[in-house]
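An overview of the molecular structure
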Amino acid sequence: MEVDAVVVGSGPNGLVAANLLADAGWETLVIEATPKPGGAVRTEELTAPGFRNDVYSAFYPLGAASPVLAGLGLEEHGLRWRHAPAVLAHVLPDDRYVLQSRDLERTARSVAEFDERDADNLRAEHASWRRLREPLLDAIVRPFPPVRSGARLFKTLGTAESLRLARMLTLTARGLGKEKFDGAGARLLLAGNAMHTDLGPDQAGSGVFGWLLTMLGQDVGFPVPEGGAGRLTDALVNRLTAKGGEIVCGTPVTEVTLSGGRAVGVRDADGRTVRARRAVLADVPAPVLYRDLVGAEHLPARLVSDLDRFVWDDATIKVDWALSSPIPWSAAEVGQAGTVHIGADLDGLAGIANDLACGRVPHDPFLLLGQMTTADPTRSPAGTESAWAYTHVPRGESWPDSRLRRHADRMEEVIERHAPGFRDLIAGRAIAGPAQLQKGNHSLVEGSINAGTAAIQQQLFFRPVPGLGRADTPIDRLFLASASAHPGGAVHGAPGSNAARAALARDGWAGSVYRATVRAAHRAVYR
Ligand SMILES: Cc1cc2nc3c(=O)[nH]c(=O)nc-3n(C[C@H](O)[C@H](O)[C@H](O)COP(=O)(O)OP(=O)(O)OC[C@H]3O[C@@H](n4cnc5c(N)ncnc54)[C@H](O)[C@@H]3O)c2cc1C
């Protein structure tokens, strides 16, 4: 078989890349290892009949704000966003909570309960965000370095403010919270949101992630696709196939085939080959692409040794529940939030991050919990709740079923503490530890959910290893299209879009100049 481009992996990034190549008229084939497309964006009945559970990811602030996804017009292919009555709640150990709403004044009232100055602090922060939002989001999702959007951002901010924004990128969530806010509530919004990455509140760079998600939560909320996360995948697949693209599932790719230093196709686990006339795009983690699919012998020695220092993000345990009624929170307003952060205050979050850094399983897990029926009533029968929570554990631990069940029980204890009677509502539950997560999505290596840490030593031109921060690899016409590439994890489609743009540029009228430039840059970087 021969096509213009093969995309290995059908996660959101692979599907975005395939869509953009199909838009350019390329004959595009996506090859997926598991039986279903979507990567970490899938929905199944995991717990009980009539309960639609998101198998992995669920809330998409970055997806809703992403210029890349907006450009695909997925609403025309069936995507419809739904919102919970409130965006998120962070519940403190003593049952106080801070609530974020898309209504700025409602969030302001909530943070003011901790310190009344924070109502104005929040309004001011939101006003600054609105000013830089568009060029900033554009700079995040465009190929590195983002010359045009960076210049627009600089023009909007001027020298003095740009310098301070650059400084902000390095701050911890605790430090940024102290600089911007006076009370524990607003500070917790930043720190809790930073925990959507693998960064604790005292890790450099965690501040900007917490800030970005908090500001997006204010602006676009934490929306979910009506009918389940899988509907986002359906929209991407429908759009792709309408443009003539094809997907085959249940076919693990085992090798990127090379000839004369360029990628010319792939080989699958059954030994079948597909030839790619123009490009191979890999929506798989960088170590998997370089070590397993390409092979160290075809790569610069410096890149191979850099891979030894590649840092994965923490492993994950996820539990889905079918509940016979909504969660009976002691603080009733928490029931309105789609996303709930629960189990720790700021120092508690720091302790959990420290446990993970020391390789210890946190005794009291911190949970990111989703009340899915609250966000989208189609997820389960009327009067019930489809809920999930995940928590991080150190990589490299063994999780036999009995240990996994005990950890799930501990997660339930955390919820029960703040919602007495929760356990009595459980009509079904499904537990996935690191091994189960990876079995369902080959890219979730040992339960890591974002194809590499979000820490600053692995961001921008350090992602996935020191280099250009671009999708181009040292192999001609082979592009890294996964969350391992800049700008990293979450469902926004940017790595896929960047890889497709690079493939099109390499194949365009100035392709040989493009190739020569990239090759010269790679020589300098990997010499
Ligand atoms: C439990 C969990 C919760 C999350 N929550 C959120 C959230 O709420 N919001 C959010 O924005 N993000 C969330 N994320 C992160 C987000 O889902 C990922 O960052 C995103 O899916 C990355 O997309 P991707 O296309 O790079 O990779 P993936 O979605 O991981 O897809 C990669 C695909 O490639 C396939 N593959 C791997 N190797 C091969 C091979 N050799 N041959 C063929 N196919 C292969 C895999 O099977 C998989 O289907 C979550 C992730 C997890 C796991």
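The written sequence of each chain sets the order in which its residues are numbered from 1. Given that this is a predicted model, residues contribute local features only at a pLDDT of at least 70 and side-chain atom pairs are listed and counted only at 80 or more, while totals for whole chains, interfaces and linings are drawn from all residues. Hydrogen atoms and water are omitted, and side-chain values are computed over all heavy atoms in the structure.

1. Some details on the domain arrangement of the chain
The figure often quoted for interface size is the accessible area lost as the parts come together. If you check the domain split of the chain, you get domain 1 (2-35 + 249-311 + 451-526) and domain 2 (81-224 + 312-440). Domain start and stop positions are those given by an automatic or database domain assignment. Of note, the centres of domain 1 and domain 2, computed from C-alpha atoms alone, are 30 Å apart. Two residues form a contact once any of their heavy atoms are found within 4.5 Å. Contacts between the two partners involve 22 residues from domain 1, matched on the other side by 16 residues from domain 2. Roughly 1500 Å² is buried in total at the junction of domain 1 and domain 2, and carbon and sulfur atoms are behind 62% of that figure. By convention, the term buried area covers the 1.4 Å-probe accessible surface removed from two parts as they join, with the contributions of both added.

2. Here's the deal with the site of the ligand
Any residue with a heavy atom positioned within 4 Å of a molecule or strand is treated as near that molecule or strand. Surveying the vicinity of the ligand reveals 35 residues, the closest of which are Asn-13, Glu-32, Phe-59, Asp-283 and Ala-490. In this structure, an oxygen atom belonging to the ligand sits 2.9 Å away from a side-chain N or O atom of Asn-441. Definition of a polar contact: a pair of N or O atoms within 3.5 Å, with one able to donate and the other able to accept a hydrogen when the atoms are protein atoms, and with sequence-neighbouring residues admitted only if both atoms are side-chain atoms. In this structure, Asn-450 approaches the ligand through a side-chain N or O atom, which is 3.0 Å from an oxygen atom. Only the protein chains shown count as covering a residue, and every accessible area follows the Shrake-Rupley method with a 1.4 Å probe. For the ligand, whose accessible area on its own is 1000 Å², the fraction buried by protein is 94%. If you tally residues by element for the shell around the ligand, the top one is helix α1 (residues 12-23), at 3 residues. Class assignment for the residues of the shell around the ligand results in 18 nonpolar, 14 polar and 3 charged. In this text, helices come from DSSP runs of H or I with a minimum length of four residues, and strands from runs of E with a minimum of two, each type numbered from the N-terminal end. Side-chain classes follow a simple rule in which Ala, Val, Leu, Ile, Met, Phe, Trp, Tyr, Cys and Pro form the nonpolar group, Asp, Glu, Lys and Arg form the charged group, and the remainder, Gly included, forms the polar group.

3. Remarks on the sheet that holds strand β7 (residues 97-100)
When DSSP finds two or more bridges between two strands, those strands count as paired. Taken in spatial order, the 7 strands line up as β7-β6-β14-β15-β16-β13-β17 in an open sheet, and their pairing is mixed. In this open sheet, the two strands that pair with only one neighbour each are β7 and β17 (426-432). The average angle at which neighbouring strand axes cross in this sheet is 15 degrees, direction not considered. In this sheet, strand β15 (residues 367-371) lies alongside strand β14 (residues 337-342) in antiparallel orientation, the contact comprising 4 bridges. Pairing of His-341 across the sheet is with Leu-368, part of β15. Convention adopted: a line fitted to C-alpha atoms gives each axis, helices being fitted over their contacting stretch, and angles between N-to-C directions are expressed from 0 to 180 degrees.

4. Some words on the packing of aromatic side chains
Note on aromatic contacts: the rings of Phe and Tyr and the six-membered ring of Trp form a pair at centre separations within 6.5 Å, being stacked when their planes are under 30 degrees apart, edge-to-face when over 60 apart, and tilted otherwise. In the structure shown here, the tally under the stated rule is 8 aromatic pairs. Measuring from ring centre to ring centre gives 5.4 Å for Trp-321 and Phe-422, while their planes differ by 85 degrees; the resulting arrangement is edge-to-face. With Trp-321 in strand β13 (residues 315-323) and Phe-422 in the loop between α15 (401-418) and β17, the pair connects residues that are 101 residues apart, well separated along the chain. Assigned by exposure class, Trp-321 and Phe-422 land together as buried. For the pair Trp-388 and Tyr-390, a centre-to-centre distance of 5.5 Å together with 15 degrees between the ring planes defines the contact as stacked. Summary of the burial criterion: residues with accessible area below 20% of their type's maximum are buried, those above 50% are exposed, and those between are partly exposed, where the area comes from a 1.4 Å probe applied to protein chains only. A residue is classified by how much of its surface remains accessible, and Trp-388, at 5% relative accessible area, is buried. Note on Tyr-390: relative accessible area 12%, which makes it buried. Pairwise contacts between aromatic rings join Phe-59, Trp-388 and Tyr-390 into one cluster.

5. Focus on the pairing of β15
For a regular strand, the rule is simple: side chains alternate between the two faces of the sheet. Burial analysis of β15 places 5 of its 5 residues in the buried class, which makes it a mostly covered element. Of the two faces of β15, the one carrying Leu-367, Leu-369 and Gln-371 and the one carrying Leu-368 and Gly-370 are both buried.

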